[in-house]
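# Understanding the architecture of this molecule
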Amino acid sequence: MKRSQREAAARGSTHLLRLSLPAVRSNGSFEGADILAEAGAVPAILLCQVYRGVMAWALTPAAGHPGLFPPHAAAETRRLMGEAAVPEELRPALETVCELFDDPAGADASRVAEACMRIGEWAERRGDAPATALRFLQAGGTCSPNDARLAYRAGYVARRQAIWDIAELWFRHSSTVSRRQHDWNSHATAYLALGNSYYQQGRYAPAKREHMKALRVGKRHGLREVQGRAHHDLLAVASELGELAEAESNAQKALHAYGPTHPNVPPLAHDIAYFWITRGYFRRALPVFRALLPHFRQPQDRIRPLGSICRAAGGSGQREIFHEAWRDLWQLAPTVEWAPALPASLLQAAYGAVALQEWSLAQAGAEYALKTAAARGESDVIADAERTLDANHARDASNLASEAAPAEVPEIPAEALARELVASLMAAGSAA
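Residues numbered from 1 in each chain as written. Predicted model: local features only at pLDDT ≥ 70, side-chain atom pairs only at ≥ 80, totals over all residues. Heavy atoms only, no water.

## Some details on the pattern of salt bridges
To keep it simple, the criterion reads: The salt bridge criterion pairs a side-chain nitrogen of Lys or Arg with a carboxyl oxygen of Asp or Glu, the two atoms within 4 Å. Helix numbering and strand numbering both begin at the N terminus, where a helix is a DSSP run of H or I of at least 4 residues and a strand a DSSP run of E of at least 2. Classification of residues uses two cut-offs on accessible area relative to the type maximum, computed with a 1.4 Å probe and protein chains only: under 20% is buried, over 50% is exposed, and between them is partly exposed.
In the structure shown here, the tally under the stated rule is 25 salt bridges. Notably, a salt bridge pairs Glu246 with Lys208, separated by 3.9 Å at the nearest N-O pair. Here Glu246, found in helix 13 (residues 244-258), pairs with Lys208, found in helix 11 (residues 204-220); they are 38 residues apart in sequence, far enough to count as distant. Relative accessible area serves as the criterion here: at 31%, Lys208 is assigned to the partly exposed category. Taking the shortest distance from any N to any O, the salt bridge between Arg284 and Glu415 comes out at 3.0 Å. With Arg284 in helix 15 (residues 282-292) and Glu415 in helix 21 (residues 412-431), this residue pair connects regions lying 131 residues apart in the sequence.

## Points about the side chain of Ser178
Condition: Polar contacts here mean pairs of N or O atoms no more than 3.5 Å apart (in protein, one a potential hydrogen donor and the other a potential acceptor; neighbouring residues in sequence count only if both atoms are side-chain atoms). Whether two residues touch is decided by their heavy atoms; if any such pair falls within 4.5 Å, the residues are in contact.
Position of Ser178 among the secondary structure elements: in helix 9 (residues 164-180). For Ser178, a relative accessible area of 0% corresponds to the buried category. Engagement of the side chain of Ser178 in a polar contact is seen with the backbone oxygen of Ser175, the distance being 3.1 Å. Setting aside residues up to four positions removed in sequence, Ser178 forms contacts with Ala148, Asp183, Ser186 and His187.

## A few points about the confidence of the model for the chain
This is how it is decided: pLDDT expresses how confident the predictor is about each individual residue, on a scale running from 0 to 100.
Taken over all residues, the pLDDT of the chain has a mean of 88, while the share at 70 or more is 88%. Put simply, helix 1 (residues 3-20) is where the chain has its lowest mean pLDDT, 42, and helix 11 is where it has its highest, 98. Taken together, the stretch residues 1-22 has pLDDT below 50 and engages in 23 contacts with residues farther than four places along the chain or on a different chain.

## A short note on unusual backbone geometry
Of note in this structure, Ala162 is not a glycine but carries a positive phi near 60°. Note on placement: Ala162 falls in the loop between helix 8 (148-160) and helix 9.

Written out as structure tokens, the structure is:
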């Protein structure tokens, strides 16, 4: 390796370690304390010892690796592994760390990083060890600072746990590393991930900024998938900001970038159709929702489009279509009361019933939505369901502002988009 290349590699490693030090520290009284509280079936001391050892090695310059661990470190770890009910899937990763303890000067950083990633993903799959998952994924990223994939995974898990500052740190590092390596797909994907992190926090301006960065990378390097995802995410931002023309334009561009049979077309179609019904364009949205329904086979997945069909059919006066969707939704609802989408789906159906002045159905739908939302603590749905019940008791739909549809004036581009989405959904359904 030339001197200039060595210096560049060193700068990349230094950048990560300086940047990530605040992120890899535990919240407890000592490093790894939060792992102790989560280890469950695997003795806490084992995972805590492994984590602390890996981090000590990763944050120590190579010159300090010889003699870093006491002579008995590997033997002690193997003893704990022998005494513990360690899952078979973890044993190869833990053995890799034992080899690190045996020979810290000769250890392969990429192997240690992969071992940390395996432990972190195991903890994530458990569902009851979020701190352990994040600690080990960050340890993997710290061991192998020039691996954009590991940095992305650490950011992704941090975002799932709503640890926004740490997620941002790792996504930005993933973007930086992948740009240096001319891995343009990973570079753009990191921008999209960061934008979605901002979006989930309700920070729409910075979300749009990051999505636009991803879009520019996608266009510059001919990455159609990236372009589709960027336009799709920009649609979501525009929807939150109430920008109808912007949302429709991004939906159309996303569809063209994806292609008609891409697996992301159904979620794209749902997103723009749902935005239309929130703006009162029920007649435009209805055929899209109906074309979407065959793409959802599981009961917990079907309740959302069924609720949307009820609302769109009610808002556009399609009584027969409303009743058909209502019956299907009402049959499924008791079997999926645990489903996160159920309260909002029932509320959408109640809105459709109010629009048709089907007062008894509106009462039943809103009460069911209120019951399931209360069980989940969903305050927004609870408030909307109570408001719907008040309007229903008064036999007055005018108080439901979201149901006040604008005049359905012809809008050629939007109507063409709706027809194109229906055609794409039907084509994708035939190809499946």
